[in-house]
Amino acid sequence: MNYEKIIELVHSTKKIIMDQEMAHDVTIKGAADYVTKVDVAVQEYLRHELEKISPEVILLAEEQENNNLDKTKSYWILDPIDGTTNLIHDYQMSAVSLALYVDGKIIFGVVYNPFTEETFHAVRTQGAFLNGRSIHVSHRESFADCIISLGSCPYEKDKAKWLFPIFEKVFMETADFRRSASAALDLCYTATGRVDGYFEYNLKPWDYAAGSLIVKEAGGIITDWNGREVPYLENASILVSTPEIYEKLKAFL
Ligand code: LIP
């Protein structure tokens, strides 16, 4: 696979993402859950182009039905816009997230934020990169100095009752927390050391697939909240951090 070509293809979605009219053409999927014309247009554009490059790879993507998933097949796992609510609010923290799943593993991942012109990518066993430069997790030793990114689980507001007390406990023992509202970018921000860890309840495969490889290749640890390997083709609650603080953070969940 020519990964350079795939990254170029992902970059070419910028013209669609910057279309303000499509970004503000919104349909409500569920409680606090939106889709814009940009999400659909990016997905359909990439579907068409990826089919030409790799007709044998199945597309698993946010804005479609994904049934009868077979772990032995190969998949492109795509979130056309991770951070859709941000896009609608012009918050400029939205990204295209694309991963290649083969033989039960993610072997390539790219996350592209067209607003900051930042491209995070990784190829399995070959390291993680931001705009072509090698990246690494922070390795900060002191938990009290760490910044942790949080996912607030906005589609299931009833979870706030038990989730927010966890946030409070983490907040009290660290320097501070962040909430970007893009899981893909939270994973990449952990990979670059901008934050030291991140956790979010019940993410979808397209939210975390690409970022999971990027953070692993940058020296981070990623598991579900029970410390198990992440499943990739299923929803999972995700915990990611530097090796230094992983056990400490996991103890809160
Ligand atoms: C979003 C995530 C975000 C999470 C939202 C949602 P979307 O993805 O990246 O971190 O809190 O629940 O899953 O829906 O914007 O692609």
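Residues numbered from 1 in each chain as written. Predicted model: local features only at pLDDT ≥ 70, side-chain atom pairs only at ≥ 80, totals over all residues. Heavy atoms only, no water.

## Details of the sheet that holds strand β5 (residues 95–102)
Move 1: Within the open sheet, the seven strands sit side by side as β3-β4-β5-β6-β7-β8-β9. Their pairing is mixed. Strand pairing shows two members of the sheet lacking a second neighbour, β3 (58–61) and β9 (133–134), which therefore form its edges.
Move 2: Bridge analysis of strand β4 (residues 75–82) against β5 gives six bridges, and the strand direction is antiparallel. Bridging across to β5, I77 finds its partner in A99.
Move 3: Packing of helix α7 (residues 183–192) onto the sheet brings it into contact with β4, β5, β6 (105–113), β7 (118–123) and β8 (128–130), and relative to β7 it is tilted by some 75°. (Pairing = 2+ DSSP bridges. Helix = DSSP H or I, 4+ residues; strand = E, 2+ residues; numbered from the N terminus. Contact = heavy atoms within 4.5 Å. Axes fitted to C-alpha atoms, helices over the stretch in contact; angles between N-to-C directions.)

## Topic: the domain arrangement of the protein chain
Move 1: Parsing the protein chain into structural domains produces domain 1 (3–134) and domain 2 (143–250).
Move 2: Inter-centroid distance (C-alpha atoms) of domain 1 to domain 2 is 20 Å.
Move 3: Taken together, the contact pairs 44 residues of domain 1 with 27 residues of domain 2.
Move 4: Taking both sides of the interface into account, the surface hidden between domain 1 and domain 2 amounts to around 2600 Å²; carbon and sulfur atoms contribute 69%.
Move 5: For the interface between domain 1 and domain 2, the tally reads two salt bridges.
Move 6: Across the pair E234 and K71 runs a salt bridge whose closest N-O atoms are separated by 3.4 Å.
Move 7: Taken together, domain 1 and domain 2 are joined by nine residue pairs in polar contact (both at pLDDT 80 or more).
Move 8: At the level of elements, β3, β4, β5, β6, β7 and β8 are the ones that each hand at least two residues to the side of domain 1 that touches domain 2.
Move 9: Per element, the largest residue contribution to the side of domain 1 that touches domain 2 is seven residues, and it comes from β6.
Move 10: Considered class by class, the residues forming the side of domain 1 that touches domain 2 number 24 nonpolar, twelve polar and eight charged. (Domains from an automatic or database assignment. Buried area = accessible area lost by both parts, 1.4 Å probe. Salt bridge = Lys/Arg side-chain N within 4 Å of Asp/Glu carboxyl O. Polar contact = N/O pair within 3.5 Å; in protein donor to acceptor, adjacent residues only side chain to side chain. Nonpolar A, V, L, I, M, F, W, Y, C, P; charged D, E, K, R; others polar.)

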